[in-house]
Amino acid sequence: MKEKRLARLLVSGPPLLFLIVFFVAPSLIMILTSLRFPGEFGGLAPITPPSDQAVGEYGFTPDAYQFFFSDFIYTEIFLKSFAVAFGTTLICLILAYPLAVLIARSRKHLRNLMVLLVILPFASNFLIRIYAWMIILGPESALSHFVNTVLGAFGIAPVTLLFSPFAVLIGMVYVHLPFMVLPLYTNLEKHDPSLLDAAQDLGANAWQRFWRVTWPLSLPGVFSGSALVFIPVLGMFAVPDILGGTGDILIGNLIKDQFLGTRDWPFGSALSIMLTLAVLSVAGLTTWFARSATGQRAL
Amino acid sequence: MALLEIRNVTRRFGSYTAVDNVSIDVEAGEFFTLLGPSGCGKTTLLRMIAGFDLPDSGQIMLDGKDMVGIPPEKRPVHTVFQTYALFPHMTVADNIAFPLRMAGKAPQEIKKRVNELLERVHLPNFGNRFPHELSGGQKQRVAFARGLVNRPRLLLLDEPLGALDAKLREEMQIELINLQKEIGITFIFVTHAQDEALALSHRIAVMNRGNVEQIDEPSKIYSAPRNHFVADFIGKISVMNAAVIEAASSHLKLAIEGLGEVTAPAREGVEVGDKGVLAIRPEQVRISHPSNASQLKNHFRGKVHDFLYVGDVTTYIVELVNGAYIEALLPNSAPGRAKFFEVDDEVTISWRHDAGIFLDNPQ
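Residues numbered from 1 in each chain as written. Chains lettered and ligands numbered in written order. Predicted model: local features only at pLDDT ≥ 70, side-chain atom pairs only at ≥ 80, totals over all residues.

A tally of helices and strands in chain A yields twelve helices and zero strands. Shown N-terminal to C-terminal, the secondary structure of chain A runs as helices and strands in the order α-α-α-α-α-α-α-α-α-α-α-α. A compact globule built from 299 residues would reach a C-alpha radius of gyration of about 19 Å, whereas chain A, at 25 Å, exceeds it by more than 25%. Along the three orthogonal principal directions, the C-alpha set of chain A runs to about 85 × 80 × 35 Å. Here chain A holds 299 residues, and 27% of them are scored as buried. (Helix = DSSP H or I, 4+ residues; strand = E, 2+ residues; numbered from the N terminus. Rg over C-alpha atoms; globule rule 2.2 N^0.38 Å. Buried ≥ 20, exposed ≤ 12 C-beta atoms within 10 Å, placed from the backbone.)

Pasting the structure below:
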């Protein structure tokens, strides 16, 4: 009995400790930070005023949260970030689904090769890959020339691809596509092919076989893939920083600026906490929805 | 005209011929079984009837119409798969309703038909359950209901009882016979279990290495196998090398080396000098104490080599004087009696002159 307890402690202890030190504690620090005043030169103002000068702002305040709602621009950036995350997720889903089906229905050795190709981009640095898109979308790139030649033929004024919402979306989709492909593939690969035979035998055409059998059975994969794309996109700042224009900042850029630019830690913390709450509620809703949609199923 | 006509169908996979020039006619309302060991081509033939595979040559005609170019979803043929292939994300009712929905039937009719079928397979209150909440036998019934609900011209059953335990399988066999009788849909049943084929079918096609060896009623298949393969595959049978020494219209006289002369039933096309085997079923062989003089013409001395006690009967394996082995079945009819003979007991083996059958040598 005693050994069992010790064993359990040894197994679950280290990860638990890790979570407490690197997740729970920082979260608590963030909550506390968000309720304090910013320091004069960055950082935080002390909680108790130094004895010699009692003027200034000390102690706890909900100012940071009030400030968020004082200007609609912050809510707008929040909504825009959600829209970008939603759009990225949708595009990733549309692009990844056929690919995942193709991989899942290929022969075994071909399958492993294709999965390897999907995860191969991870071998090179994330920032380098984003900078590569800067070159691909840049004004002197072949792609830009081609697009503008085509547009010119229709009498439309030339466009700049780089530093636009379009470039941000491309970058986001590019970076997160594997996170959609892999869970979808893992799910689709487990499907019993005899179910499709049965559906066809019982009168279902190709579309009906997809819509009535493959799609509903793949929903758990769709939900986990969507969560793996949606959540990181929501907090991403590097892609809009590099590929976006001045008007394309998202919630992630805003938070980064509070800590590294404006040096308003309480406001940055407040934004982080609100983002975390938003992500948690989205994740909760998705889980709830996924459970009710796939609830009583064997998969 | 037969409902299903399979004409000279051949299917090759590379150099391997899975189905070799097979012709079968199945009549409407029939319970027809394709029986054979694994790899005999029965499943390939079934897949071609369903439309999942196409013959390399030959024709498959349903209601006089060539099925070539008609995809599985357009054929009035449904299949009950070996693994059932129930849709795990649909309730039992939705599973059964599937073919009706695909056929674009009206919701009221779908509901009516689904309830009718649930009733028929004895699962009236299971409509809202999911497949994973069912036992093996219940899943099996749902699969039958789903295959039958849209009244196909032909229901194909691919070893559907293979996954069930022995007792349940027997129950399902009886249900299946009744279901087929009540609904009147033509069944084509694929199995490698000869007892199942004998119990269920109106007619059986015994297949071996892509060929049909014999098509007949179960009793004919059992009592008058056309060749060595059929005799050996269906039930138990003992074989002894034999040569024909007299071929009359009423009987054959065979010489068995080291044993003597045996009388066997006449067979067409057999001539004096033919060499082959005498095949005889264990239940046709009598085993008795040597002191009891046998009234039968065919009787020989032997020694019990081994026996197999299975409860209701005991199978004795007897070594004859020429070294051949013959099996004899003895019902354990006397109460409390498990066996009548012991290993190494001297016995007399005998059989009626019209038992046994002379067959050509196996190729």
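For chain B, the count of helices and strands is eight helices and 20 strands. Principal-axis analysis of the C-alpha atoms places the extent of chain B at approximately 75 × 50 × 35 Å. When burial is assessed residue by residue, chain B has 42% of its 363 residues classed as buried. Long-range pairs, those at least 24 residues apart, make up 65% of the contacts in chain B between residues at least 6 apart in sequence. (Contact = placed C-beta atoms within 7 Å.)

All names here are of chain A. It is at 8 Å that the axes of helix α7 (residues 165–189) and helix α9 (residues 206–235) come closest, and there the two elements cross at 160°. Taken as axis vectors, α7 and α9 run roughly antiparallel relative to one another. In terms of crossing hand, the pair formed by α7 and α9 is right-handed. Along its contact with α7, which presents M172, H176, F179, M180, P183, L184, T186, N187 and L188, the element α9 presents S218, P220, G221, V222, S224, G225, L228, V229, P232 and V233. Here the contact of α7 with α9 is built from residues that sort into twelve nonpolar, seven polar and no charged. (Axes fitted to C-alpha atoms, helices over the stretch in contact; angles between N-to-C directions. Parallel < 35°, antiparallel > 145°, perpendicular 65-115°, else oblique. Left-handed = near helix turned anticlockwise from the far one by under 90°. Nonpolar A, V, L, I, M, F, W, Y, C, P; charged D, E, K, R; others polar.)

Quick look at helix α4 (residues 108–119) of chain A now. Compared with the 16 Å implied by 1.5 Å per residue over twelve residues, the 17 Å span of α4(A) between its first and last C-alpha is a close match. Among the twelve residues of α4(A), zero are classified as buried, and the element is accordingly described as predominantly exposed. (Expected span 1.5 Å × (residues − 1).)

We now examine the interface of chain B and chain A. Taken together, the contacts link 20 residues of chain B with 19 residues of chain A. Elements with a minimum of two residues in the side of chain B that touches chain A: β6 (77–80) and α2 (92–102) of chain B. When grouped by side-chain class, the residues that make up the side of chain B that touches chain A number 13 nonpolar, five polar and two charged.

Residues and elements named next belong to chain B. Strand order across the open sheet formed by four strands is β2-β1-β4-β5, with antiparallel pairing between neighbours. In this open sheet, the two strands that pair with only one neighbour each are β2 (16–26) and β5 (65–66). Sheet topology places strand β4 (residues 57–62) next to β5; two bridges connect them, and they run antiparallel. Considered in β5, the bridge of M61 is made with D66. On the sheet, helix α1 (residues 42–50) packs against β1 (4–13), β2 and β4 and is oriented at approximately 60° with respect to β2. (Pairing = 2+ DSSP bridges.)

This part takes up the domain arrangement of chain B. Residue and element names in this part refer to chain B. For chain B, the domain assignment lists domain 1 (4–231) and domain 2 (236–360). Spacing between the C-alpha centres of domain 1 and domain 2 amounts to 38 Å. Split by residue class, the side of domain 1 that touches domain 2 holds three nonpolar, two polar and no charged. (Domains from an automatic or database assignment.)

Of all hydrophobic cores here, the largest spans 106 residues; its most connected members are I49(B), I96(B), A145(B), L156(B), I188(B), L278(B) and A279(B). Looking at which element gives the most residues to this core, the answer is α2(B), with six residues. Counting only domains with at least three residues in this core, you end up with domain 1 (4–231) and domain 2 (236–360) of chain B. With near-sequence residues (within four places) excluded, I96(B) lies in contact with V114(B), L117(B), L118(B), V142(B), A145(B), R146(B) and V149(B). In terms of nonpolar packing, the next biggest core, distinct from the first, is built from 43 residues, A104(A), V181(A), Y185(A) and M236(A) among them. (Core = buried A, V, L, I, M, F, W, Y, C linked by C-beta atoms within 7 Å.)

Put simply, side chains in a regular strand alternate between the two faces of the sheet. All names here are of chain B. Bridge count for strand β12 (residues 251–256) against strand β13 (residues 260–265) is six bridges, and the pairing is antiparallel. Looking at β13, one finds that I256 is bridged to G260. Connecting the antiparallel pair β12 and β13 is a turn made up of three residues, with G258 showing a positive phi of about 80°.

Let us look at the packing of α2(B) against helix α3 (residues 107–120) of chain B. Residue and element names in this part refer to chain B. At a minimum axis distance of 9 Å, the contact between α2 and α3 shows a crossing angle of 130°. Taken together, the axes of α2 and α3 lie oblique to each other. When you trace α2 past α3, the crossing you get is right-handed. Residues A93, I96, A97, L100 and R101 of α2 touch α3, and the partners they reach there are I110, R113, V114, L117 and L118. Partitioning the contact of α2 with α3 into residue classes produces eight nonpolar, no polar and two charged.

All names here are of chain B. Of note, the phi angle at R209 is positive, near 45°, even though the residue is not glycine. On the secondary structure map, R209 appears in the loop between β9 (203–208) and β10 (211–216). Given 15 C-beta atoms within a 10 Å radius, R209 is considered partly exposed. Of note, the phi angle at D344 is positive, near 80°, even though the residue is not glycine. Tracing the sequence through the fold places D344 in the loop between β18 (325–331) and β19 (346–351). According to the C-beta neighbour criterion, D344 is exposed, with 9 such atoms within 10 Å.

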